[in-house]
Amino acid sequence: MSDREIVLQARAVSMQYPGTLALDRVDFTLRRGTVAALIGENGAGKSTLVKILAGIVQPTGGALLLNGEEVALRSVRDADARGIEIIHQELNLCPNLSVAENIFLGRELTVGGVLDVKRQEERARELLARLEHPIDPATPVGGLPLGQQQIVEIAKALARDVRVLMMDEPTSALSAAEIAVLFRIIGDLKARGVAIVYISHRLEELLGIADTVSVLRDGRMVAEAAADTVDTRWIVERMTGRASGAPEALEHRAPGRELLRVEGLSLKSESGRPLLSDVSLRLRAGEVMGIYGLMGAGRTELLECLMGLHPEMAGSIFLDSKNLSAMGTSRRIAHGLAMAPEDRQVSGLVRSLSVLANMTVSSLDRFTRGGWLSPAAEEAAAAKAANELRIKAPGLRHSIESLSGGNQQKVVIAKCLLTEPRVLLLDEPTRGVDVGAKREIHAIVRRLAAAGMGIVLATSELEEVRATADRVVVMSRGRVTAEFAASEAADDALALAASAALEERPGRA
């Protein structure tokens, strides 16, 4: 390819934070009409690099070239004026504003200086139709499920006159059908000459869309290749710096006594649409129960009901034979329930607090004596949890935002464990984390189960079910449609049950 095709280039770019060298003299080239996959473990420097390319942060060394000329991108607005846009892994939306208002935020459509609400909504409707999502543009974003919020974030980027588009985990909350639509959009953008940086931990998906592959490790660019010349093994070996091996075989132990029992749990939306219908489950000590289903299956609603987040639900929930149904969330935590939510940024972490404060915020009573908090006891417990979960952080007193996505997710799990639960609820626990962090989280799950904890793990990934579960419960449209022992959970059977739309609850498989 000729130099004339190069749109955006990083030359020897470095980024030094206090105590951390996030990027070390990185070279990266982006060409017109191509998709450049940027790959690396959590903390490798991927998000830092795209933030520099998008003007969010300024590098401490090196240079950026746009169309062959050196530029200084001093802000997001500066990059936006040059046609450079980014779709963030963690959604950058205002929940109190409508879909249309979010899409055009900062670039509102006006007539004579007056906001043209009708034209904004019409244009938003066109963009959403292009993404095959007929969401009402007047709907407040905060009321949408996570997957639809991700669609709005994508529409927001498409509304710009984009020439360079960076996508940081754009499919982490999307269904297979939504991913297919996004890939068609990416193909259209390529045909128009748009240059795309694509970050994903789903390696097979990534190889299906990318033209080139660039691998970062520990802040350095360690490998680059044409996507059609490599495979996932090649990528994993360069990501981790070691040969990839077969996944560790699971040891399925006989479960112990019954810990959790759910009977006839049902939930309706504000409009009366059933979200959960007559769900009954049993979980034993030392067991990992996988809840598998596609988006909209009711997985998240089920876990939220278990935690008392929907007091309007019908049905009964028992922990160690004690009825929790009328209890609030704090009392359920005190009785031994804990939950790591799907969206760690919104529901799992307090972004303004330190790593330490995020880990202990739900368990401060453990470190309080006579009404006074013991900082030494708090820090000792947090340090022990960080060590056991292998949380990589510059220090417990540093901001939670200084951590990579995978380490932030481990902090959410640590926060749960510090409440000393008997039953741990995990909603998409490896969403947006790399293959190394995913394996570590799966190992943590198995280790906790081996110690006697009961675990409910909700996921939309077949691979995750295979890697963790002793038993798999499949949900579709708010109902339990099948149940399998892990040894009997064939992919085709799981997929069929997950797509079922049965009027009557089936028997157990």
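Just so it is clear, the model here is predicted, and its values are computed rather than measured.

What counts, and at which threshold
Residues numbered from 1 in each chain as written. Predicted model: local features only at pLDDT ≥ 70, side-chain atom pairs only at ≥ 80, totals over all residues. Heavy atoms only, no water. Helix = DSSP H or I, 4+ residues; strand = E, 2+ residues; numbered from the N terminus. Rg over C-alpha atoms; globule rule 2.2 N^0.38 Å. Buried < 20%, exposed > 50% of the residue type's maximum accessible area, 1.4 Å probe, protein only. Contact = heavy atoms within 4.5 Å. Areas by Shrake-Rupley, 256 points an atom, 1.4 Å probe, with all protein chains shown as cover. Lys, Arg positive; Asp, Glu negative; His and termini not counted. Charge placed at Lys NZ, Arg CZ, Asp CG, Glu CD. Expected span 1.5 Å × (residues − 1). Pairing = 2+ DSSP bridges. Right-handed = clockwise from strand over helix to strand, strands pointing away. Axes fitted to C-alpha atoms, helices over the stretch in contact; angles between N-to-C directions. Parallel < 35°, antiparallel > 145°, perpendicular 65-115°, else oblique. Left-handed = near helix turned anticlockwise from the far one by under 90°. Nonpolar A, V, L, I, M, F, W, Y, C, P; charged D, E, K, R; others polar. Polar contact = N/O pair within 3.5 Å; in protein donor to acceptor, adjacent residues only side chain to side chain.

Draft legend 1. Focus on the overall build of the protein. The number of helices and strands found in the protein is 17 helices and 24 strands. For 509 residues, the compact-globule estimate of 2.2 N^0.38 gives 23 Å, and the C-alpha radius of gyration of the protein, at 23 Å, lies within 12% of that figure. Overall, the protein is about 70 × 50 × 50 Å in size when its C-alpha atoms are taken along their principal axes. Counting over 509 residues, the protein shows a buried share of 53%. Contacts in the protein between residues at least 24 apart in sequence constitute 66% of all its contacts with a sequence separation of at least 6. On the protein, roughly 22,700 Å² of surface is accessible, and the fraction owed to carbon and sulfur atoms is 49%. One way to put it: in the protein the 61 positive side-chain charges average out to a point 3 Å from where the 66 negative ones average out.

Draft legend 2. Here's a closer look at helix H6 (residues 176-191). Taking 1.5 Å of rise per residue, the 16 residues of H6 would be expected to cover 22 Å, and the 23 Å separating its terminal C-alpha atoms lies within 8% of that figure. Among all positions of H6, only Glu178, Ile179, Val181, Leu182, Phe183, Ile185, Ile186 and Leu189 are buried. Those residues of H6 hidden inside the fold are in contact with strand S3 (35-39), helix H4 (117-130), helix H5 (146-158), strand S9 (164-168), strand S10 (195-199) and helix H7 (203-209).

Draft legend 3. The arrangement of helix H1 (residues 46-53) in detail. For H1, the buried fraction is high: six of the eight residues fall into the buried class. Here H1 has its buried residues at Lys46, Thr48, Leu49, Val50, Ile52 and Leu53. Immediately beyond the C-terminal end of H1, within one or two residues, lies glycine 55, with a positive phi of roughly 80°.

Draft legend 4. Representation of the pairing of strand S22 (residues 454-459) in the model. Taken across its six residues, S22 has six buried, putting it largely inside the fold. Burial along S22 is two-sided: Gly454, Val456 and Ala458 facing one way and Ile455, Leu457 and Thr459 facing the other are all buried. As defined by bridge partners, strand S15 (residues 288-292) adjoins S22 across five bridges and the pair is classed as parallel. Across the sheet, residue methionine 289 finds its bridge partner in S22, namely valine 456. In terms of strand pairing, strand S21 (residues 423-427) meets S22 through five bridges, oriented parallel. Residue aspartate 427 lies in a different strand from S22, and its bridge partner there is alanine 458. Where the polypeptide runs from S21 across helix H15 (residues 435-450) and back to S22, its parallel neighbour, the crossover connection is right-handed.

Draft legend 5. Looking closely at the sheet that holds strand S4 (residues 61-66). Here four strands make up an open sheet; going across it, the order is S2-S1-S4-S5 and the pairing antiparallel. What marks the edges here is a single partner per strand, and that holds for strand S2 (20-31) and strand S5 (69-71). Shown here is a sheet whose adjacent strand axes are inclined to one another by a mean of 25°, direction ignored. Two elements, strand S1 (residues 6-17) and S2, share eight bridges in a ladder whose sense is antiparallel. In the sheet register, valine 13 faces S2, and the bridge partner there is valine 26. Across the sheet, H1 lies against S1, S2 and S4, angled at about 60° from S2, the strand it touches most.

Draft legend 6. Structural detail: the sheet that holds strand S6 (residues 84-87). As summarised here, the arrangement of the six strands in space is S6-S9-S10-S3-S11-S12, forming an open sheet in which the pairing is mixed. If you trace the sheet from one side to the other, it starts and ends with S6 and strand S12 (220-226), each paired once. The sheet shows a mean angle of 20° between the axes of neighbouring strands, taken without regard to direction. Strand direction decides the pairing type here: S9 and S10, joined by five bridges, are parallel. Note that in S10 the partner of leucine 165 across the bridge is isoleucine 196. Along the sheet, H6 makes contact with S3, S9 and S10, crossing S10 at roughly 150°.

Draft legend 7. Spatial organisation of the packing of H4 against H5. The N-to-C vectors of H4 and H5 enclose an angle of 115°; their axes lie 10 Å apart at closest approach. When the axis of H4 is compared with that of H5, the two are roughly perpendicular. With respect to the hand of their crossing, H4 and H5 are arranged in right-handed fashion. Contact residues: Arg123, Leu127, Leu128 and Arg130 in H4; Ile151, Ala155 and Leu158 in H5. Across the contact of H4 with H5, the residue classes tally to five nonpolar, no polar and two charged.

Draft legend 8. Just the environment of threonine 430, in detail. Here threonine 430 lies in the loop between S21 and H15. For the pair threonine 430 and glutamate 464, spaced 34 residues apart in the sequence, the C-alpha separation amounts to 8.5 Å. With residues near it in sequence (within four places) discarded, threonine 430 still touches Lys438, Ile441, His442 and Glu464. Polar contacts involving the side chain of threonine 430 include one to the side chain of glutamate 464, which spans 2.4 Å.

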